[in-house]
Amino acid sequence: MLGNIPEESTSFVGRNWELFRLDRALARDRLVTLVGTGGVGKSRLALRAAREAQALFPDGVAWADLSPLHGDRLLLSTVSDACDLADHTPRMPVDALCEWLAGKRLLLVLDSCEHLVDPCRELVADLLTAVADLTVLVTSREPLGMEGERLIEVEPLAPGGPDALDLFTQRVAAASSAAESPGAGTATGAVGAQTGSGDARRPAAAMRICRRLEGIPLALELAAAQAGRATVEEIAERLGSRFDVLSTAGPGVQPQRHRTMRTTIGWSHELCAPLERLLWARLTVFRGDFDLESARAVCSGGPLGADAVDALLGRLVAVSVVSVVAGGDGIRYRMLDTIREYGHLWLRALHEEGDLAERHADHFLRFAQDADAGWLSADQTLWYRRIAEADTDLCTALDHLLATSPKRALRLAGLVGFFWSCCGHLHEARGYLEQALAAHPLDGPDRTRGLWALGVTLTLQGEYEDAQQIGEQCTRAAWREGDTEELLAAAYLTGLIALLTGRPIAAQLVTEHGLGAAPGEPFDSASRLRCHLVQVFALTGLGKLPEARERALWLRAGCVERGEFWSRSYLDYQLALIDLLTGNPLDAAAHARSMIESKRGLGDSFGIALGLDVLAAAIAAAGDGELAGLVYGTGQSFWRTVGHPQRGTPDLRAVREECERTARANAGDEAYESAYQRGLTADPAVALSTALGARSG
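So, here is what we can say about the structure in this document. Remember, predicted model here, so these are calculated numbers, not experimental data.

**Regarding a negative patch on the surface**
So, point 1. Residues Asp-72, Asp-95, Glu-122 and Asp-126 make up a contiguous surface patch of negative charge.
So, point 2. Tracing the backbone shows Glu-122 in helix α5 (residues 117-130).
So, point 3. By relative accessible area, Glu-122 is classed as exposed at 55%.

As structure tokens, this is what we get:
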């Protein structure tokens, strides 16, 4: 069951009537759209409603945040990720998504659709037509305009009501508390003045602010965030002056609420120091979440030194211009769309838009180069997570480079292509690689690397003939350029294809030829290690099990010593298979669990599915048919997430089938089927933890 609803980082205030209406709509209608101006609280309302409606949807809630997307290129991959689908097939992505969702009773939330109304309309139409029990909740500044769409307009909080005042008061308290923390500077005195118990003016001033800001939640939060710098009375006075100045300029053509929101953001902007404003503008180049290292690298320059970014970013967080989000390995930051739009106007006014886009692309090209260099190291798992976190901005950088520097675009796509393919982003990898290769047809190392990455992607999608042709191109290019690393990479690719098409002798020969032409130790490079891995697979496929075991254990020890997990996981896979074939099911199960743990850390659903198959086979061979059925069912649920039936090297198929027959015989058909269905239908994360923790016997 899906449950990827974002955590609520602040308290939720009011909206009881809207939640009641939304709850009824989700129970009755298949498409519900929350419509309202920017900053009115559509996403927070959808978040709370989705959380409260989970009982209506036994297959869970999938939350897709579309706000970082620039154009519809990544729309389907973003929605597929939200639905836990990492499709490995060459099918049209929308067909794969419809098939994956078929039969599920699920709530899909598409948050922030206003800049993608047309493609979202097409996608939702396809999904609702193909998936009978799907419900879609949309947040947008305008409707999708579809038949059967239930519209719920999200209004601001009542300006003179208790909810607006409660929201403002809670956020003032939070801002004041933050300002009183160590290092808050001179703001503490102002906060002390406003929080005194005898200050009778504060409620009246707060109510004046709520009315002036028309109860718009984001506007109230921005005003409240100034409590770290001023008293509530001072905020009310300054805000009033700002609106008085604006009113003399005439009403304009924008709706009043839009002008109120824009004015409040402008007021917050004016209250920022010059360097804070500069950082605000420059941060808008990031489409997704970003970390401090990226902010320093991209946004520093001129009057803004890299050493000043930390403190300035902290100030923007304090005044709610930037929010803090949880990251896999540290703090990450995010800017709301409405605030980013305002800051980007200033970036244009500063004539820095093109320069920042170039610096952003340069940074993420260096980032990808560092990730590639760190693949064969103790930081390998960290790099997989960092690549996943930076996905949106890597795509933003690629889009920029495709338009301005195709050679660098090809270099970037070639560097991240293997990471993407291993994490299930095959359509994304293939699309960018094919476009970059077409844009930069000149021979050279960048093109060879890009071709190789495309070949790996096609191999994982099962398009072996096309991948084989690319492997041959890579081999010819490597000999022509005299690059031993390219030669080893090509040998790995063609060897992998040979393994997956049932030709272990060919796999052994091609990797032996590559390694012989470029002598060295297994851990001298990533491609060299991958060639040695192919040789272990080939030895197993040829029935040379003692030799395969000896080489696998030797390579595995080297991986453990270096903290490397990708190759280690596949060595564990081979050791598990060898132990199965030689009658050691308990050892096989231990290696299979080790493989799955490694693949879970890398975010590789394909590898997890492979590992679960061999774990189930080991458990069956050990005599526990019912537990084997549970693990087989869990494995099948992961195979579905990659869009394939059970796959792997042909040598596993016969072992898997024999062990399944054994499991059925030991447990009985009824008990086996019941356990299999439990594994198949359970929440994948829970079922996986159960499979890893359970022991037969």
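**As for empty space enclosed by the protein**
So, point 1. In the structure shown here, the tally under the stated rule is six cavities of 30 Å³ or more.
So, point 2. Taken as a whole, the second largest cavity holds about 80 Å³ of empty space.
So, point 3. Residue lining of the second largest cavity: Pro-68, Leu-69, His-70, Gly-71, Arg-73, Leu-74, Thr-392, Cys-395, Thr-396, Asp-399 and Tyr-432, and that is the complete set.
So, point 4. Partitioned by chemical class, the residues of the lining of the second largest cavity number five nonpolar, four polar and two charged.

**Remarks on the nonpolar core**
So, point 1. In this structure, Leu-110, Phe-168, Leu-283 and Trp-566 are the most contacted members of the largest nonpolar core, which totals 205 residues.
So, point 2. In contact with Phe-168, not counting residues within four places along its chain, are Ala-206, Ile-209, Cys-210, Leu-220, Ala-223, Ala-224 and Val-232.
So, point 3. Grouped together as the second largest cluster of nonpolar side chains are 23 residues, Phe-12, Leu-45, Ala-46 and Val-109 included.

**Some points on the packing of helix α18 (residues 391-404) against helix α20 (residues 426-439)**
So, point 1. Running from amino to carboxyl end, α18 crosses α20 at an angle of 15°, the nearest separation of the two axes being 11 Å. Here α20 runs roughly parallel to α18, going by the angle between their axes. By crossing handedness, the relation of α18 to α20 is classed as left-handed. Contacts between α18 and α20 involve Asp-391, Cys-395, Leu-398, Asp-399 and Leu-402 on the former and, on the latter, Glu-428, Tyr-432, Gln-435 and Ala-436.

**Examining the pairing of strand β4 (residues 106-111)**
So, point 1. For β4, the buried fraction is high: six of the six residues fall into the buried class.
So, point 2. Where burial is concerned, the two faces of β4 agree: the one with Leu-106, Leu-108 and Leu-110 and the one with Leu-107, Val-109 and Asp-111 are both buried.
So, point 3. Inspection of the sheet shows strand β3 (residues 60-65) paired to β4 by five bridges, in the parallel sense. Bridged to Val-61 within β4 is Leu-107.

**Brief notes about the side chain of Ser-637**
So, point 1. Tracing the backbone shows Ser-637 in helix α30 (residues 625-641).
So, point 2. Overall, the relative accessible area of 7% leaves Ser-637 in the buried class.
So, point 3. Looking at Ser-637, its side chain comes within polar contact range of the main-chain oxygen of Thr-634, at 2.6 Å.
So, point 4. When sequence neighbours within four positions are dropped, the list of residues in contact with Ser-637 reads Trp-100, Gly-679 and Leu-680.

**Looking at unusual backbone geometry**
So, point 1. With phi around 70°, Arg-15 is a residue other than glycine that occupies positive phi space.
So, point 2. Structurally, Arg-15 is set in the loop between β1 (2-3) and α1 (16-28).
So, point 3. For Arg-15, a relative accessible area of 5% gives the class buried.
So, point 4. Although it is not a glycine, Asp-84 sits at a positive phi angle of roughly 60°.
So, point 5. Within the fold, Asp-84 resides in the loop between α3 (75-82) and α4 (93-101).
So, point 6. What makes Asp-84 partly exposed here is its relative accessible area of 41%.

**With respect to the side chain of His-440**
So, point 1. Topologically, His-440 is positioned in the loop between α20 and α21 (445-460).
So, point 2. Given the relative accessible area of 11%, His-440 is considered buried.
So, point 3. In this view, His-440 contacts Pro-406, Lys-407, Leu-410 and Arg-447; residues no more than four positions away in its chain are not counted.

Conventions adopted
Starting from 1, residues in each chain are numbered consecutively following that chain's sequence as written. Given that this is a predicted model, residues contribute local features only at a pLDDT of at least 70 and side-chain atom pairs are listed and counted only at 80 or more, while totals for whole chains, interfaces and linings are drawn from all residues. The basis for every side-chain value is the complete set of non-hydrogen atoms in the structure, without hydrogens or water. Candidates for patches are residues over 30% relative accessible area with no salt bridge; among them, like charges are joined within 9 Å and nonpolar side chains (Val, Leu, Ile, Met, Phe, Trp, Tyr) within 5 Å. Accessible surface area values rest on a Shrake-Rupley calculation with a 1.4 Å probe, where residue burial reflects the displayed protein chains alone. When a carboxyl oxygen of Asp or Glu lies within 4 Å of a side-chain nitrogen of Lys or Arg, that pair is called a salt bridge. Charged-residue counts in this description rest on Lys and Arg as positive and Asp and Glu as negative, His and the chain ends being excluded. Here the site of a charge means NZ on Lys, CZ on Arg, CG on Asp, or CD on Glu. The secondary structure listing takes helices from DSSP runs of H or I that are at least 4 residues long and strands from runs of E that are at least 2 residues long, numbered from the N terminus. Summary of the burial criterion: residues with accessible area below 20% of their type's maximum are buried, those above 50% are exposed, and those between are partly exposed, where the area comes from a 1.4 Å probe applied to protein chains only. Cavities and pockets were defined on a 1 Å grid built from protein atoms only: a cavity is a group of points that admits a 1.4 Å probe but offers it no way out, a pocket is an open group of points flanked by protein on both sides within 12 Å along at least five of seven lines, and a lining residue is one with an atom within 4 Å of any such point. Grid points are joined across faces, edges and corners, and a volume is the space filled by probe spheres set on the points. Here the term charged refers only to Asp, Glu, Lys and Arg, the term nonpolar to Ala, Val, Leu, Ile, Met, Phe, Trp, Tyr, Cys and Pro, and the term polar to all other amino acids, Gly among them. The set of buried Ala, Val, Leu, Ile, Met, Phe, Trp, Tyr and Cys residues whose side-chain atoms join them within 4.5 Å is what this entry labels a nonpolar core. Residues are treated as being in contact if the distance between any of their heavy atoms lies within 4.5 Å. Whenever a helix is involved, its axis is fitted only over the stretch in contact; in every case the axis is a line through C-alpha atoms, and angles between N-to-C directions fall within 0 to 180 degrees. Convention used here: angles under 35 degrees read as roughly parallel, angles over 145 as roughly antiparallel, angles from 65 to 115 as roughly perpendicular, and any remaining angle as oblique. Crossings are classed by handedness, with left-handed meaning an anticlockwise turn of the near helix from the far one by less than a right angle and right-handed meaning a clockwise turn. By definition, two strands form a pair when at least two bridges between them are found by DSSP. N or O atoms closer than or at 3.5 Å make up a polar contact, with two conditions inside protein: a donor-capable atom paired with an acceptor-capable one, and, for residues adjacent in sequence, both atoms drawn from side chains.

By themselves, these figures tell us nothing about what the structure is for.
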